[in-house]
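Analysis of the macromolecular model
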Amino acid sequence: MTELEFILSKEQRVKPFDVESVRKEFPILSARVHGKPLTYLDNAATTQKPQSVIDAVQRYYKEENSNVHRGVHYLSELATKKYEGARSKIKKYVNAASEKEIIFTRGATDSINLVAATFGRKNIHAGDEVLITGMEHHSNIVPWQMLCEENGAALRVVPISDSGEIILEEYVRLLSEKTKIVAISHVSNALGTINPIKKMIELAHSRMIPVLVDGAQGAPHLNIDVQELDCDFYAISSHKIYGPTGFGVLYGKENLLEAMPPYQGGGDMIRSVTFEKTIFNDLPYKFEAGTPHIDGAIGFGAAIEYLNQYDWKEIEMHEQLLLQHATAQISAIDGLTIIGTAKEKAGVVSFVLEDVHPHDIGTILDQEGVAIRTGHHCAQPVMDRYGIPATARASFALYNTNEDIDALVNGIKKVKEVFHV
Amino acid sequence: MSELQSLYQEIILDHNKKPRNFKVMEFPDAKVEGYNPLCGDRYTIYVKMNGNVIDEITFQGSGCAISKASASVMSTMLKGKTREEAEAWFEKFHQLVRGELKIEDHLEEFGKLAAFGGVSEFPARVKCAILPWHTMKNAIEQKKEIVSTE
């Protein structure tokens, strides 16, 4: 393809980002809650789905439903083609070197558990260390803790600063010949911090240590290129990127995946079975036992196609502008403190309000039609780090607007009114 | 009254801001922790008994306005009550916050507790209101395990 052809094809593909027309593609956004228009700011928990994803899932059950990789009949071939088509779309989307590196899972949590249970059990033993950070979600703590408990390895934690950034000198200090894997979040779900993972991967690789990136919150906000990052594993949840729940992806470098034992046993992950011996299937199927979440894969493929219409730079810019607007508006409220003030942040604003518990904030905002998350965000060590039991968290997606933030700010004013603070 | 006003009544806001009997007890007969892991509400309830009668009840901890006010109001009304009376109030309070009785018909009987009638309109908050009561019940029954209403 010549450069001109490439530009032309890109121009055909990319449609200008316009938030008003984007909103029209998400049917739930026109809902009303408690008599008020819905303001959905709980995107770090899960995102809403565009009509094209809903249609793809519905079409699958109406016209394409069949089991994959099995039958010789028409529907089975069709379902397999759609299902594997999703793998190909995901491979291109994250720029993996091969479809063999795209393992389908139940979500980012399952992806991390897979690595801990296979790579971990095989390579991490008594006296070894797993290195995580102080801002991890429970799903990037507990699987490693369980592994360490089982194998007698130690879990080490890189501390974070008051602004919610990884202290890189400490990271460098904690990397040692004992470290067998580094597991870090790309973006913190509780603080919004975008971690310098490229640099952290380079530092780990200079000591031959593989790196798993928990991308549950990274992939929704950033354009992911696994080859450019040079990460060894990258975990993704479909439902946080406009796709169905219960589906996700583990990207892994082929040579690592090849050397890893299987995860679960069952159908699809085998080539031949006798009572004496089982020969396992090739990548990626070696890690995909049983009938998979077929509509999840097809729906996620549709979500990626949806995103591919746009230029990621425009989405990132839109979310950054929302973040700037929200940070300015929210931090101007008396008695309010934003938790997580890193220089590099994605569209997440966690905050506490003097004398009002986040749970009460959540209830009052809900009455105003504003959906946010309150609680510890499955990151209790982060809450402990700041000495707070919980925060209120607003998180943005590509369909949010400045009006959504105004509704949030007005809602917080209402909270203050109710609580006389 | 809007649903919000009926949830956050003045009595609740007042007890949240200035919780009564909010202190550690030096030599309690029972001390039980109540914890809702999902929202992080955590209270310790201390009870001193005089035979079958609650001689003193105090609490410590942190949580939302509903849970804190619930613990505070409960502590003011259970002092001097027998175990059986406290258990009967436990049942009545549950009926109230689950919307199983019409508070208008019981205003006098419930007194300050009537302020929690609005909770029944907020199903997600019922567990906040009942956490201190479950903790208290374990305390007077001398059960030591951590209570949760999640």
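First, a word on scope: everything that follows refers to the structure included in this document. None of these values were measured; they are calculated from a predicted model.

1. Description of the overall build of chain A
The helix and strand inventory of chain A stands at 15 helices and 17 strands. Taking 2.2 N^0.38 as the reference for a compact globule, 421 residues should give roughly 22 Å; the C-alpha atoms of chain A span a radius of gyration of 22 Å, in line with that estimate. Dimensions along the principal axes, computed over C-alpha positions, put chain A at roughly 75 × 55 × 45 Å. Counting across all 421 residues of chain A, residues that qualify as buried make up 48%.

2. What about the overall build of chain B?
Along its length, chain B carries 6 helices and 3 strands. For chain B, the succession of helices and strands along the chain, N to C, is α-α-β-β-β-α-α-α-α. For chain B, whose C-alpha radius of gyration is 14 Å, the value lies close to the compact-globule estimate of 15 Å for 150 residues. Considered along the principal axes of its C-alpha atoms, chain B spans approximately 45 × 30 × 25 Å.

3. Regarding the sheet that holds strand β9 (residues 233–237) of chain A
All names here are of chain A. Strand order in the open sheet made by the 7 strands is β4-β10-β9-β8-β7-β5-β6, with mixed pairing throughout. Two strands close off the open sheet at either side, each with one partner strand: β4 (102–105) and β6 (154–158). Ignoring which end each strand starts from, the neighbouring axes of this sheet average 20° apart. Lying on the sheet, helix α5 (residues 108–123) is in contact with β4, β7 (179–185), β8 (211–214), β9 and β10 (248–252); it crosses β10 at an angle near 35°.

4. Some words on the nonpolar core
One finds V130, V211 and Y234 of chain A to be the most contacted residues of the largest nonpolar core, which totals 155 residues. Every residue in contact with V130 of chain A, bar those within four places of it in the chain, is listed here: I124, W144, L147, C148, A153, L155, K180, I181 and A183 of chain A.

5. Some details on the interface of chain A and chain B
Listed per partner, the contact involves 13 residues of chain A and 14 residues of chain B. A per-element tally of the side of chain A that touches chain B places helix α13 (residues 358–367) of chain A first, with 5 residues.

6. Concerning α5 of chain A
At 3.6 residues per turn, the α-helix brings residues three or four places apart onto the same side. Residue and element names in this part refer to chain A. For α5, spanning 16 residues, the distance from its first C-alpha to its last is 21 Å, which sits close to the expected 22 Å at 1.5 Å a residue. In terms of residue burial, α5 counts as a mostly covered element, since 12 of its 16 residues are buried. Looking only at α5, the buried set comprises A108, T109, D110, S111, I112, N113, L114, V115, A116, T118, F119 and G120.

7. What about the packing of helix α2 (residues 10–17) of chain B against helix α3 (residues 65–78) of chain B?
Residues and elements named next belong to chain B. At a minimum axis distance of 8 Å, the contact between α2 and α3 shows a crossing angle of 85°. Classified by the angle their axes make, α2 and α3 are roughly perpendicular. Counting all contacts with α2, which are made through I12, L13, H15 and N16, the residues of α3 involved are A65, I66, K68, A69, S72 and V73. Counted by class, the contact of α2 with α3 contains 6 nonpolar, 3 polar and 1 charged residues.

8. Some words on the sheet that holds strand β1 (residues 30–36) of chain B
All names here are of chain B. Spatially, 3 strands are ordered β1-β2-β3 in an open sheet, and the strand pairing comes out antiparallel. Every other strand in the sheet has two partners, leaving β1 and β3 (53–62) as the edge strands with one partner each. If you compare each strand with its neighbour and ignore which way they point, the axes differ by 20° on average.

9. Overview of the environment of V24 of chain B
Residue and element names in this part refer to chain B. Its location among the elements puts V24 in the loop between α2 and β1. We classify V24 as exposed; it has 11 C-beta atoms within 10 Å. Each C-alpha atom, one on V24 and one on Q60, is 6.2 Å from the other, the two residues being 36 residues apart in sequence. Apart from the residues within four sequence positions on either side, V24 is in contact with Y46 and Q60.

10. Some points on unusual backbone geometry
All names here are of chain A. Geometrically, the link from L283 to P284 is a cis peptide bond, its omega value of -5° lying close to zero. Among the secondary structure elements, P284 is positioned in the loop between β12 (278–280) and α11 (294–308). Here the phi dihedral of H69 falls at roughly 60°; this positive angle occurs in a residue that is not glycine. Even without glycine at this site, D230 takes up a positive phi of about 65°.

11. Considering the pairing of strand β11 (residues 270–273) of chain A
Along a regular strand, successive side chains alternate from one face of the sheet to the other. All names here are of chain A. Here β11 pairs with β12 via 3 bridges, running antiparallel. Note on β12: the bridge partner recorded for V273 is T278. From the end of β11 to the start of β12, which pair antiparallel, there are 4 residues.

12. Side note on the packing of helix α3 (residues 51–64) of chain A against α11 of chain A
Residue and element names in this part refer to chain A. Interaxial distance between α3 and α11 falls to 8 Å at its minimum, and their mutual angle equals 150°. Two packed elements cross with a definite hand, and for α3 against α11 that hand is right-handed. Taken together, the residues of α11 that come into contact with α3 (itself represented by S52, V53, A56, V57, Y60 and Y61) are I294, D295, I298, G299, A302, A303 and Y306. Grouping the amino acids of the contact of α3 with α11 by side-chain chemistry returns 10 nonpolar, 2 polar and 1 charged.

13. Observations regarding the environment of G265 of chain A
Within the secondary structure, G265 of chain A is located in the loop between α10 (254–259) and β11. When the C-alpha atoms of G265 of chain A and T46 of chain A are compared, they prove to be 30 Å apart, with 219 residues separating the residues in sequence.

Cut-off values and rules
- Per chain, the residues get numbers from 1 upward, laid out in the order the sequence is written.
- Just so you know, chain letters begin at A and ligand numbers begin at 1, following the order they were written in.
- Residues qualify for local features only when their pLDDT is at least 70, as the model is predicted, and side-chain atom pairs are given and counted only at 80 or more; totals for whole chains, interfaces and linings, by contrast, use all residues.
- Put simply, DSSP H or I for four residues or longer makes a helix, DSSP E for two residues or longer makes a strand, and each gets a number counted from the N terminus.
- Throughout, the radius of gyration refers to the C-alpha atoms, and the reference size of a globule is 2.2 Å times the residue count to the power 0.38.
- Field definition: a residue is buried when 20 or more other C-beta atoms are found within 10 Å of its C-beta, exposed when 12 or fewer are, and partly exposed for counts in between, with C-beta atoms placed from the backbone.
- Note: two strands are recorded as paired if DSSP finds a minimum of 2 bridges between them.
- To get an axis, a line is fitted to the C-alpha atoms, and for a helix only the part in contact is used. The angle between two axes follows their N-to-C directions and goes from 0 to 180 degrees.
- In this description, a residue-residue contact is defined by the distance between C-beta atoms placed from the backbone, which must lie within 7 Å.
- Any set of buried Ala, Val, Leu, Ile, Met, Phe, Trp, Tyr and Cys residues joined through C-beta atoms within 7 Å is what this text calls a nonpolar core.
- Working rule for helices: expected span equals 1.5 Å times residues minus one.
- Here roughly perpendicular refers to angles of 65 to 115 degrees, roughly parallel to angles under 35, roughly antiparallel to angles over 145, and oblique to all remaining angles.
- Charged residues are taken to be Asp, Glu, Lys and Arg, nonpolar residues to be Ala, Val, Leu, Ile, Met, Phe, Trp, Tyr, Cys and Pro, and polar residues to be all remaining types, Gly included.
- Helix crossings fall into two classes, left-handed where the near helix is turned counterclockwise from the far one by less than a right angle and right-handed where it is turned clockwise.

Remember, this is a structural readout, not a statement about activity or role.
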